[in-house]
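# Topology and contacts: notes
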Amino acid sequence: MATATLDKTALTRLMTDYSLEITPKDVEALENSAHLIPKGTLISVTFLPGAEFEDRARAAERIQQLGFKPVPHLSARRLLNADNLREYLDLLKTKIDLKHVFVIAGDPSEPLGTFEDALAVINSGILKEYGIEHVGISGYPEGHPDITNEKLAKALQDKVASIKRQGMDYSIMTQFGFDADPVLDWLKQIRSEGIDGPVRIGVAGPASIKTLLRFAARCGVGTSAKVVKKYGLSIMSLIGSAGPDPVIADLTEQLGDEHGKVHLHFYPFGGLVKTNEWIVDFQKKQGL
């Protein structure tokens, strides 16, 4: 683990109000690490296959009970129709103070129902109907394997415009990455195009190199020669683990006012407890 001391002011800017992500299966791990997490932290609940509405709603409820803010994910292509979306939102409202959701297209190549993408869910007006105040949307600094950069840029503009038109706030959460450079370039680009909302930069919590490479391949995340050298992500050396120290150090060193308001979002691929222990240890070593 890196021990170099980083600029405290810049690092504080990045680490303040960081967010986390769990699956419905991670509730016990969340309970076991709750004492390590600041109260009020935003914690997302994923919308992945293998879980039911009730599982996700129970996870969101436990997040709130522990003193954190639940952010249920809505996977557009996994929803059957507007009634199906309302069914989930109705359930969530019985469990939590439902103010914040994260809307993503989802991984099915073809929609299972009537929602083509995240924009379709946002444009439906249903989120506003249910009193949602803040909508999280996705960002792709390194692009998307199945979508052109031009289409990604237009989709981001369209989603932000629709959310603002309905009187809701928004933030952007990015895919995780190993390299700060494309993130910084992308941030400058979207700011120049008028996208001014907060951005949560995705980083992978400490995990085995094998796990990180697997998720990188699945998410279309680049592992260039520079990144491989920096992280030691050698395919010939899958034994060992890596943490997000290098990318956080690079972000801290290079972030400026032109990049706008940014926070970190941790993807705990190596486990939620391990990620939270790493965050606490990292902040302690940096004097935060």
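Relevant structure appears above.
So, a few notes on the structure that sits alongside this text.

With respect to the helices and strands, Thr 252 occurs in helix α11 (residues 245–254). Discounting chain neighbours no more than four positions away, the residues touching Thr 252 are Leu 6, Asp 7, Ala 10, Leu 11 and Leu 14.

By volume, the second largest pocket is sized at about 190 Å³. Lining the second largest pocket we find Asp 17, Gly 40, Leu 42, Gln 64, Lys 69, Pro 70, Ile 96, Asp 97, Leu 98, Lys 99, His 100 and His 134. A class-by-class count of the residues in the lining of the second largest pocket yields 4 nonpolar, 4 polar and 4 charged.

Following the criterion strictly, the structure yields 11 salt bridges and no others. Here Lys 154 makes a salt bridge to Asp 158, at a shortest N to O gap of 2.7 Å. Within this pair, Lys 154 and its partner Asp 158 are both found in helix α7 (residues 149–165), separated by 4 residues, close to a single helical turn. Look at Lys 154 and you get exposed, because its relative accessible area is 52%. When the shortest N-O distance is used, the salt bridge between Lys 164 and Asp 196 registers 3.4 Å. You can see Lys 164 sitting in helix α7 and its partner Asp 196 sitting in the loop between α8 (180–192) and β7 (199–204), a full 32 residues away along the chain. For Lys 164, a relative accessible area of 43% corresponds to the partly exposed category. Shared partners join several salt bridges into a network, and the residues in it are Glu 54, Asp 55, Arg 58 and Lys 95.

Turning our attention to unusual backbone geometry. A positive phi angle, close to 60°, is found at Asp 17, a residue other than glycine. The topology assignment puts Asp 17 in the loop between α1 (8–15) and β1 (19–22). A residue is classified by how much of its surface remains accessible, and Asp 17, at 37% relative accessible area, is partly exposed.

Moving on, we get to the pairing of strand β5 (residues 134–139). Across the 6 residues of β5, 6 count as buried, placing the element largely inside the fold. Neither face of β5 is exposed, since His 134, Gly 136 and Ser 138 on one face and Val 135, Ile 137 and Gly 139 on the opposite face are all buried. Examined bridge by bridge, strand β4 (residues 100–104) and β5 share 3 bridges and lie parallel to one another. Paired with Phe 102 across the bridge in β5 is Gly 136. One crossover worth recording links β5 to the parallel strand β6 (residues 169–176) by way of α7, and it is right-handed.

Within the largest apolar cluster, 71 residues are counted, with the highest numbers of intra-cluster contacts made by Leu 127, Leu 251, Leu 264 and Phe 266. Broken down by element, this core gets its largest block of residues, 6 residues, from α8. Beyond its immediate sequence surroundings of up to four residues, Leu 251 is in contact with Leu 14, Ala 180, Val 183, Leu 184, Ile 201 and Leu 264.

Running from amino to carboxyl end, α1 crosses α11 at an angle of 115°, the nearest separation of the two axes being 9 Å. Along this stretch, α1 crosses α11, giving a crossing that reads as right-handed. From α1, Ala 10, Leu 11 and Leu 14 reach across to α11, where they touch Ile 248, Leu 251 and Thr 252. Grouping the constituent residues of the contact of α1 with α11 by class yields 5 nonpolar, 1 polar and no charged.

Here we come to the packing of helix α3 (residues 53–65) against helix α4 (residues 82–95). Between α3 and α4, whose axes approach to 9 Å, the crossing angle comes to 30°. In terms of their interaxial angle, α3 and α4 are classed as roughly parallel. When you trace α3 past α4, the crossing you get is right-handed. On α4, the residues touching Phe 53, Glu 54, Arg 56, Ala 57, Ala 60, Glu 61 and Gln 64 of α3 are Asn 84, Glu 87, Tyr 88, Leu 91, Leu 92 and Lys 95.

A few words on the sheet that holds strand β3 (residues 69–75). On the basis of which strands lie adjacent, the closed barrel formed by 8 strands has the order β1-β2-β3-β4-β5-β6-β7-β10 and parallel pairing. On average, adjacent strands in this sheet sit at an angle of 30° to one another, irrespective of strand direction. Of the pairings in the sheet, the one linking β7 to strand β10 (residues 262–267) comprises 6 bridges and is parallel in character. In the strand pairing of β10, Ala 204 is matched with Tyr 267. Lying over the sheet, α1 contacts β7 and β10, oriented at roughly 60° with respect to β10. Against the sheet, α7 engages β5 and β6, with an angle of about 175° to β5.

Rules of the game
- Residues numbered from 1 in each chain as written.
- Predicted model: local features only at pLDDT ≥ 70, side-chain atom pairs only at ≥ 80, totals over all residues.
- Heavy atoms only, no water.
- Helix = DSSP H or I, 4+ residues; strand = E, 2+ residues; numbered from the N terminus.
- Contact = heavy atoms within 4.5 Å.
- 1 Å grid on protein atoms, 1.4 Å probe; cavity = no way out; pocket = protein on both sides within 12 Å on 5 of 7 lines; lining within 4 Å.
- Points joined across faces, edges and corners; volume = space filled by probe spheres on them.
- Nonpolar A, V, L, I, M, F, W, Y, C, P; charged D, E, K, R; others polar.
- Salt bridge = Lys/Arg side-chain N within 4 Å of Asp/Glu carboxyl O.
- Buried < 20%, exposed > 50% of the residue type's maximum accessible area, 1.4 Å probe, protein only.
- Pairing = 2+ DSSP bridges.
- Right-handed = clockwise from strand over helix to strand, strands pointing away.
- Core = buried A, V, L, I, M, F, W, Y, C linked by side-chain atoms within 4.5 Å.
- Axes fitted to C-alpha atoms, helices over the stretch in contact; angles between N-to-C directions.
- Left-handed = near helix turned anticlockwise from the far one by under 90°.
- Parallel < 35°, antiparallel > 145°, perpendicular 65-115°, else oblique.

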